[in-house]
Amino acid sequence: MKFNYQIIIEYLGKNFSGWQIQKNSVSVQSKIERALSKTLNSKIKVIGSGRTDAGVNAWGQSANFYHKEEIKNFFKFLSTANFFLSKYSVSILSLKKKNLTFHARYSAKKREYEYVILNRTAKPSVDDNRVWLVKKKLNLDEMKKAAKYFIGKHNFSAFRASSCTAKSPIRTINNLKIIKRGDKIIIQILSKSFLQKQVRSIVGCLKYVGENKWNALKIKKVILSKQRKNCAPPAPAQGLFLKKVYY
């Protein structure tokens, strides 16, 4: 008999090569698998909801794993697993028992990312490695106008990394919100799935609009061009967070 469990994971991406296990590099997945294997005295393989690139953070990465025995004491499990993770900027926030058909990646209906721009002159101290510092004051109204062009189903070829392995560049953005909180501009993007570097490329283009380098209509032209060379440089990884995976 085997049991299927879902975990929600928070991590700061700056010291990792990304989520996925890779040779000769430190990944979040490898640290989670090692901690769970020690906790459960069994070889554990973890299935993530999706990859996050090197330096990208998460508040709500979702993953699942199978175990031959039922976990009865959730508090003990979380305490022990997080003890083994204490050297790293990774925490397992919760554990849920799921049916055997649940799959962290393939069962996901939507994924929500959040990008944080710190729009001020002074460098971040408390938020170091958690925001993108943009010193020039950004035009929020124009950014909001530009954001509307991303919503819906589009060919996002212009916004994918050259190393992206997705079979199709077609993606549907369900929602894109831009919120101002003090000195922070927060960009929230919701979709079933994303291309590699798509979110960071979108944020890079919105920054160009905010700096008045582009007008809002330019976004529509870049999308229709389907050419990566027409996209603005992608925003740096440290401001990006996987916020939540919806099932």
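Keep in mind that what you see is a predicted model, and the values were worked out from it rather than measured. (Residues numbered from 1 in each chain as written. Predicted model: local features only at pLDDT ≥ 70, side-chain atom pairs only at ≥ 80, totals over all residues. Heavy atoms only, no water.)

## Comments concerning the overall build of the protein chain
Where we set the bar: By definition, any uninterrupted DSSP run of H or I lasting at least four residues is a helix, any uninterrupted run of E lasting at least two residues is a strand, and each is numbered from the N terminus. As defined in this context, the radius of gyration uses C-alpha atoms, and a globule is described by 2.2 Å times the residue total to the power 0.38. Accessibility here uses a 1.4 Å probe with only protein chains present; expressed as a share of the type maximum, an area under 20% marks a residue as buried, one over 50% as exposed, and anything in between as partly exposed. Contacts: residue pairs with any heavy atoms within 4.5 Å of one another. His residues and chain termini do not enter the charge count, which takes Lys and Arg as positive and Asp and Glu as negative. In this description, the location of a charge corresponds to atom NZ of lysine, CZ of arginine, CG of aspartate or CD of glutamate.
Counting its regular elements, the protein chain contains 5 helices and 10 strands. Computed over C-alpha atoms, the radius of gyration of the protein chain comes to 19 Å, within 12% of the 18 Å expected from 2.2 N^0.38 for 247 residues, which places it in the range of a compact globule. Summarising its shape, the C-alpha atoms of the protein chain cover approximately 60 × 40 × 30 Å along the three principal directions. Relative to its full complement of 247 residues, the protein chain shows a buried share of 49%. A fraction of 70% describes how many contacts in the protein chain between residues 6 or more apart in sequence connect residues 24 or more apart. Side chains of the protein chain give 50 positive and 13 negative charges; the mean places of these two sets differ by 7 Å.

## Overview of the pattern of salt bridges
The test is simple: Salt bridge, as used here: a side-chain nitrogen of Lys or Arg that lies within 4 Å of a carboxyl oxygen of Asp or Glu.
The full count for this structure, using the stated rule, is 7 salt bridges. Across the pair lysine 184 and aspartate 127 runs a salt bridge whose closest N-O atoms are separated by 2.8 Å. A residue pair is termed long-range when its members are at least 10 positions apart, and lysine 184 in strand S9 (residues 184-191) and aspartate 127 in the loop between strand S5 (110-118) and strand S6 (132-133) qualify at 57 residues. Taking the relative accessible area as the measure of exposure, lysine 184 reaches 25% and is therefore partly exposed. You can call aspartate 127 partly exposed: its relative accessible area is 21%. Put simply, glutamate 142 and lysine 145 hold a salt bridge, and the shortest N to O gap is 3.0 Å. Of this pair, glutamate 142 and lysine 145 both sit in helix H3 (residues 140-147), 3 residues apart, roughly one helical turn. For lysine 145, a relative accessible area of 46% translates into the label partly exposed. Bridged by salt links that share partners, the residues Lys207, Glu211 and Lys213 form one connected network.

## So, the side chain of glutamine 6
This is how it is decided: Counting of polar contacts relies on pairs of N or O atoms within 3.5 Å, with two restrictions inside protein: one atom must be capable of donating a hydrogen and the other of accepting it, and residues adjacent in sequence are counted only when both atoms are side-chain atoms.
Structurally, the position occupied by glutamine 6 is in strand S1 (residues 3-11). According to the relative accessible area criterion, glutamine 6 is buried, its value standing at 6%. A polar side-chain atom of glutamine 6 sits 3.0 Å from a polar atom in the side chain of serine 62. Glutamine 6 has contacts with Ser62, Ala63, Asn64, Ser94, Leu95, Lys96, Lys98, Phe102 and Tyr247, leaving out every residue within four places of it along the chain.

## Observations concerning the pairing of strand S3 (residues 57-67)
Each regular strand displays side chains that alternate between the two surfaces of the sheet. Basically, it comes down to this: Strands qualify as paired when DSSP identifies two bridges or more between them.
Counted residue by residue, S3 has 9 buried out of 11 residues, so it is predominantly covered. Two elements, strand S2 (residues 47-48) and S3, share 2 bridges in a ladder whose sense is antiparallel. Looking across to S3, one finds that glycine 48 is bridged to alanine 63. Sheet topology places S3 next to strand S10 (residues 240-246); 2 bridges connect them, and they run parallel. The residue bridging alanine 58 from the neighbouring strand is leucine 242, located in S10.

## Topic: the packing of helix H1 (residues 28-40) against helix H2 (residues 74-84)
Keep this limit in mind: Orientation is described by lines fitted to C-alpha atoms, with helices fitted over the stretch in contact, and by angles between N-to-C directions that extend from 0 to 180 degrees. Throughout this description, any angle smaller than 35 degrees is read as roughly parallel, any larger than 145 degrees as roughly antiparallel, any in the 65 to 115 degree range as roughly perpendicular, and the remainder as oblique. Handedness of a helix crossing follows the sense of rotation of the near helix relative to the far helix, less than a right angle counterclockwise being left-handed and clockwise being right-handed.
Relative to each other, H1 and H2 sit at 130 degrees, their axes nearing to 8 Å. Taken together, H1 and H2 sit at an angle that is classed as oblique. Relative to H2, the crossing made by H1 is right-handed. Seen from H1, the contacting residues are Ala35, Leu36, Lys38, Thr39 and Leu40; seen from H2, they are Phe77, Thr80, Ala81 and Phe84.

## Details of the nonpolar core
Heads up, the rule is: For the purposes of this section, nonpolar cores are sets of buried Ala, Val, Leu, Ile, Met, Phe, Trp, Tyr and Cys residues that join through side-chain atoms within 4.5 Å.
Among the nonpolar cores identified, the biggest contains 69 residues, and Phe65 and Ile187 are the most heavily contacted of them. Once residues lying within four places of it in the same chain are set aside, the contact partners of phenylalanine 65 are Phe3, Asn4, Tyr5, Ile7, Leu36, Leu40, Ile44, Lys45, Val46, Ile71, Phe77 and Leu95. Core analysis: the second largest hydrophobic core is formed by 5 residues, Val116, Leu118, Val131 and Phe241 among them.

## Structural notes on H3
For clarity, the cut-off: The reported arc concerns the directions from the helix axis to the C-beta atoms and nothing else.
Three or more residues of H3 are buried, namely Leu140, Glu142, Met143, Ala146 and Ala147. An end-on view of H3 places all buried positions within 160 degrees of arc, on one side of the element. Contacts made by the buried residues of H3 are with strand S8 (170-181), S9, helix H4 (198-210) and helix H5 (217-225).

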